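If you want the building blocks of each chain, they are given just below.
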Amino acid sequence: MDCNPLYEDHVRRISAATAEALRGAAQDGPTFEGIVFHAGSARYYHADDQAIPFRSVFHFRRFVPQEGPDHLLLFRPGARLRLVRVIPRDFWYEPPVEIAHPFLEQLDVAEVASAAAAAEQLGPLGRHAYVGNDPAVAEALGIGREAVEPRPLLARLDWARAYKTPYEVACMREAAQWAARGHRAVREGMAERRSERELHAAYLAAAGALEFDSPFGNIIGWDRNAAVLHYQSKSSARPLPGLTLLVDAGASFLGYASDVTRTYAASGAHPAFCEALDGMDRLELELASELRPGASYLELHRRAHRGVARILREIGVLRVGEDEALERKLTLPFFPHGLGHHLGLQVHDVGGRQAAPDGTLVPPPEDFPALRTTRPVEAGQVITVEPGLYFIPLLLEPLRAGPHCSDVDWELVDALTPHGGIRVEDDILVTADGPENLTRPLIPRH
Ligand code: GLY
Ligand code: MN
């Protein structure tokens, strides 16, 4: 990827969006001359000298892929961006890693050795807003509490994050490539029936990643573990019985994420499970192909439930048709999460439930409290599509004990429960011409 012109264009676009956010925020709150974006202060484990692995404040990171804590970036509409980098003179730990990237050429850059010196270099900055994780740093800059992440401004900045620039899309394509290498390695390891822990290590090695480089903890679960939505343990035991494997894992490139899930059935898996897996794969592709400007994500989520009802009926788990199943809410325990989420600097990117830049929210309907995406679908957004179908005893018990118990073939459910569940997930770029699946061509199903 040729970073230079893309990054230059990125800075231009997000500077314009940030200036617009400042203008808009002034209608609902105080007026600010500019914004200080803080990379963030490092945090430590309680009563310990070990730092919690550091991640930059994402609004800072959107401007500059500068690693490490404490840096300050000053944004003022119409002015060149000023970055004060904090590079400690240290011999216990190395300074933040320098990456091959042209960002320093685009900014006015100063370098200091401490957070205090950075604040001194920029401050005092009354009439500026502070975006970051440490109000004490705002105070050191002469910025009052009321200007720390003021809601009218933050809502607008969050809103703007959903519109990915061509630079961001290029980063996400690269993150998809790295994830593809990891997924391939897991697929190969599955054939050898390797443990979850071994598969995880193989994934990281192939994706060229250290544990913390991943945008979220890899979810790699054999059998019943596939039914734990955010399963993290990674057993070192050989799989038993080794019928199914669910892999939900991404990669990160210059801070931008990919997030892909594949579910595989091994020989010996129940035919009804294999049929459900085929059906879920088709359903996911069908829903992904509908993600175009003007589409309602909530409507797609409802269609996902209808699809799950159809599949459960086809394999014989449900004894009632789609309409009755939906009316009786029978799919809710089988598909308890949302259809997907915005993706970008964060795996669950911000602003998915906003109705408008001013921060007005569109809460999900009561039946779908976990749905993260309710805002209008528009060109430039990257959204995941990840329908699921699981056999989770905790969620199925009330159905088994309830008035609709006889709508379900429990013998079949019991036979399928050791298979855990199914999730299929791809990352979709919404364009004016329709959806582009960023991950499926790189990570085919088989
Ligand atoms: N990939 C994890 C999630 O979307 O929650
Ligand atoms: Mn996801």
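Conventions and cut-offs
- Residues numbered from 1 in each chain as written.
- Chains lettered and ligands numbered in written order.
- Predicted model: local features only at pLDDT ≥ 70, side-chain atom pairs only at ≥ 80, totals over all residues.
- Heavy atoms only, no water.
- Salt bridge = Lys/Arg side-chain N within 4 Å of Asp/Glu carboxyl O.
- Helix = DSSP H or I, 4+ residues; strand = E, 2+ residues; numbered from the N terminus.
- Buried < 20%, exposed > 50% of the residue type's maximum accessible area, 1.4 Å probe, protein only.
- Near = heavy atom within 4 Å.
- Polar contact = N/O pair within 3.5 Å; in protein donor to acceptor, adjacent residues only side chain to side chain.
- Areas by Shrake-Rupley, 256 points an atom, 1.4 Å probe, with all protein chains shown as cover.
- Nonpolar A, V, L, I, M, F, W, Y, C, P; charged D, E, K, R; others polar.
- Axes fitted to C-alpha atoms, helices over the stretch in contact; angles between N-to-C directions.
- Left-handed = near helix turned anticlockwise from the far one by under 90°.
- Contact = heavy atoms within 4.5 Å.
- Pairing = 2+ DSSP bridges.

Undergrad: Which residues make up the pattern of salt bridges, and what values go with them?
TA: This model, assessed by the stated rule, comprises 30 salt bridges. A salt bridge links Arg328 to Asp407; the nearest nitrogen and oxygen atoms lie 2.8 Å apart. Of this pair, Arg328 sits in the loop between α10 (322–327) and β9 (382–385) while Asp407 is found in the loop between α11 (393–401) and α12 (410–416), placing the two residues 79 residues apart along the sequence. Looking at Arg328, the relative accessible area reads 30%, which means it is partly exposed.

Undergrad: Tell me about the site of ligand 1, residues and numbers included.
TA: Neighbouring residues of ligand 1: Phe216, His230, Asp248, Asp259, His341, His348 and Glu386. Separating an oxygen atom of ligand 1 from a side-chain N or O atom of His230 is a distance of 2.7 Å. Within the side chain of Asp259, a nitrogen or oxygen atom sits 2.8 Å from a nitrogen atom of ligand 1. Across the complex, the protein chains shield 93% of the 200 Å² of accessible surface that ligand 1 would expose by itself. Residue composition of the shell around ligand 1, by class: one nonpolar, three polar and three charged.

Undergrad: Talk me through the packing of helix α6 (residues 166–191) against helix α7 (residues 196–206); I want residue IDs and the actual numbers.
TA: Running from N to C, α6 and α7 cross one another at 145 degrees; their axes reach a closest spacing of 7 Å. Two packed elements cross with a definite hand, and for α6 against α7 that hand is right-handed. Where α6 approaches α7, its residues Trp178, Ala179, Arg181, Gly182, His183, Ala185, Val186, Gly189 and Met190 are matched on the opposing element by Leu199, Ala202, Tyr203 and Ala206. For the contact of α6 with α7, the class distribution of residues is nine nonpolar, three polar and one charged.

Undergrad: A description of the sheet that holds strand β5 (residues 128–131) should follow, citing residues and the corresponding values.
TA: In spatial order, the strands read β4-β3-β2-β1-β5; together these five strands make up an open sheet with mixed pairing. One side of each edge strand has no neighbouring strand; the edge strands of this open sheet are β4 (108–112) and β5. Geometrically, the sheet is characterised by an average inter-axis angle of 15 degrees between neighbouring strands, direction not taken into account. Relative to strand β3 (residues 82–86), strand β2 (residues 72–75) runs antiparallel, the two being bridged by three bridges. Note on β3: the bridge partner recorded for Leu74 is Arg82. Packed on one face of the sheet, helix α3 (residues 115–122) meets β2, β3 and β4 and runs near 160 degrees to β3.

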